[in-house]
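Results of the structural survey
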Amino acid sequence: MNSIELSIENNVAKITLNRPEAFNSFNRKMALSLQDTLDNCSTNDEVRTIVITGNGKAFCAGQDLKEVTSPELNPGFRKILEEHYNPIIQRIRTIEKPIIAAVNGVAAGAGANIALACDIVVATEVASFIQAFSKIGLIPDSAGTFFLPRLIGFQKASALMMLGDKVSAAEAEQLGMLYKVFPIDTFEEEVNKLALKVAQMPTKALGLTKRLLNQSLTNDLEQQLSLESDLQIESAESEDYAEGVNAFIEKRKPVFKGK
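Being a predicted model, the structure only gives us computed values, none of them experimental.

1. Observations regarding the pattern of salt bridges
Following the criterion strictly, the structure yields 11 salt bridges and no others. In this structure, E234 and K204 form a salt bridge, with 3.2 Å as the shortest nitrogen-oxygen distance. Highlighted residues: E234 in helix 10 (residues 221-236) and K204 in helix 9 (residues 203-216), separated in sequence by 30 residues. The class for E234 is partly exposed, based on a relative accessible area of 27%. Owing to a relative accessible area of 30%, K204 belongs among the partly exposed residues under this scheme.

What follows is the structure in structure tokens.
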């Protein structure tokens, strides 16, 4: 059984974390396979949107503790972070295509922070998010200390990380951790609808928007304004911009090609 499954349809790549018996927790094989799959999606022109979800009851329970407690299998925390999780987060943020986290169940530890690093996060009503690290004497990783305070504020993020409270999907939406919560019965349908909508949008402009958002985390105002100017010029040279303007003038729906 493959720990990562990939399907591509209608310009949407669906990546499914597939270790349901372990609540889709990561071992080395799964982490490296996810990196390879993201790389393939990045270079595949057919792919204009990426969805990451989980198989079974969980989205992802973070690190497989059986691996780190096994004398034979344990790669060590430095290797786990520098070769597993950090490269996954870097790929999610640098791939200039929209990435949707479809959180179908519990997202704990690194699993929660991988979801929060995505461009759009949606969840089923039974999903939950847990910064579970403190419960076993660890610190948050996978860029959790970078993104969570920026999403919900320093004080709330600090409390959730230190206390390890479970956050329901409804509360996560209220806090600003995610975009929308969908009913469990229609979750797959709603995710597919959202992914298809994003895949039909001007992919190049969305990718440049993602680059701007990344830079806004460290730029000052003058640097951000300058970058906006540069990237607006680049987007104005795209085929999608020409199509969008023509469609507006002709009062029809644009047909974007992601170029």
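2. Side note on the pairing of strand 3 (residues 49-54)
Counted residue by residue, strand 3 has six buried out of six residues, so it is predominantly covered. By the alternation rule, side chains of strand 3 split into T49, V51 and T53 and I50, I52 and G54, which are all buried. As judged from the six bridges shared by strand 2 (residues 12-17) and strand 3, these two strands associate in the parallel manner. Its bridge partner being in strand 3, A13 is matched across the sheet by I50. Each parallel crossover has a hand, and for strand 2 linked through helix 1 (residues 28-43) to strand 3 it is right-handed. Across four bridges, the pairing between strand 3 and strand 5 (residues 99-103) is parallel. Bridge pairing in strand 5 links I52 to A101.

3. Points about the environment of P149
Mapped onto the secondary structure, P149 falls in helix 5 (residues 144-152). A relative accessible area of 23% means that P149 is categorised as partly exposed. Separated by 28 residues in sequence, P149 and M177 have C-alpha atoms that sit 9.9 Å apart. P149 has contacts with G144, F154 and A157, leaving out every residue within four places of it along the chain.

4. Some remarks on the packing of aromatic side chains
According to the stated counting rule, one finds two aromatic pairs in the structure shown. With centroids separated by 5.6 Å and ring planes inclined at 90°, the aromatic side chains of F26 and Y85 adopt a geometry described as edge-to-face. A residue pair is termed long-range when its members are at least 10 positions apart, and F26 in the loop between strand 2 and helix 1 and Y85 in helix 3 (residues 77-94) qualify at 59 residues. The residues F26 and Y85 share a single accessibility class, namely buried. Ring centres 5.1 Å apart and planes at 85° place the aromatic pair F146 and F147 in the edge-to-face group. What makes F146 partly exposed here is its relative accessible area of 29%. For F147, a relative accessible area of 13% gives the class buried.

5. What about empty space enclosed by the protein?
If you roll a probe as big as a water molecule over the atoms, it shows you where there is empty space left. Evaluated as defined, the whole model comprises one cavity of 30 Å³ or more. Taken together, F129, I130, Q131, L148, L160, D165, V167 and M177 form the lining of the largest cavity. Counted by class, the lining of the largest cavity contains six nonpolar, one polar and one charged residues.

6. Brief notes about the sheet that holds strand 10 (residues 180-182)
Whether parallel or antiparallel, the strands of a sheet pair through hydrogen bonds between backbone atoms. If you trace the six strands from one edge of the open sheet to the other, you get 1-2-3-5-7-10, paired in mixed fashion. Only two strands of the sheet have a single neighbouring strand rather than two, namely strand 1 (4-9) and strand 10. Neighbour-to-neighbour, the strand axes of this sheet turn through a mean angle of 20°, independent of strand direction. Bridge analysis of strand 7 (residues 120-124) against strand 10 gives three bridges, and the strand direction is parallel. Across the sheet, T124 pairs through a bridge with F182, a residue of strand 10. Of the strands in this sheet, strand 1, strand 2 and strand 3 touch helix 1, which is tilted by about 180° from strand 2.

Cut-offs and rules
- Within each chain, residues carry numbers counting from 1 in the order of the written sequence.
- Local features in this predicted model are restricted to residues of pLDDT 70 or higher, and side-chain atom pairs are both shown and tallied only at a pLDDT of 80 or more, whereas totals for entire chains, interfaces and linings draw on every residue.
- Just so you know, side-chain values use all the structure's heavy atoms and leave hydrogens and water out.
- One side-chain nitrogen of Lys or Arg within 4 Å of one carboxyl oxygen of Asp or Glu is enough to make a salt bridge.
- Here a helix means four or more residues in a row that DSSP labels H or I, a strand means two or more in a row labelled E, and each is numbered from the N terminus.
- For every residue, the accessible area (1.4 Å probe, protein chains only) is compared with the maximum for its type, and the residue is labelled buried under 20%, exposed over 50%, or partly exposed between those bounds.
- When DSSP finds at least two bridges between two strands, those strands are taken to pair.
- Whether a crossover is right-handed depends on one test, that the path from the first strand over the helix to the second runs clockwise when the strands point away from the viewer.
- The criterion used for residue contact is that any of the two residues' heavy atoms lie within 4.5 Å.
- Pairing of aromatic rings covers Phe, Tyr and Trp, the last through its six-membered ring, and needs centres within 6.5 Å; plane angles under 30 degrees mean stacked, over 60 mean edge-to-face, and all others mean tilted.
- Space inside and on the surface of the protein is sampled on a 1 Å grid over the protein atoms alone, with a cavity defined as a set of points where a 1.4 Å probe fits but cannot get out and a pocket as an open set with protein on both sides within 12 Å along at least 5 of 7 lines; lining residues have an atom within 4 Å of a point.
- Grid points are joined across faces, edges and corners, and a volume is the space filled by probe spheres set on the points.
- Under this grouping Gly is polar, as are all residues other than the nonpolar Ala, Val, Leu, Ile, Met, Phe, Trp, Tyr, Cys and Pro and the charged Asp, Glu, Lys and Arg.
- A fitted line through C-alpha atoms serves as each axis, taken over the contacting stretch for helices, and the angle formed by two N-to-C directions is quoted from 0 to 180°.

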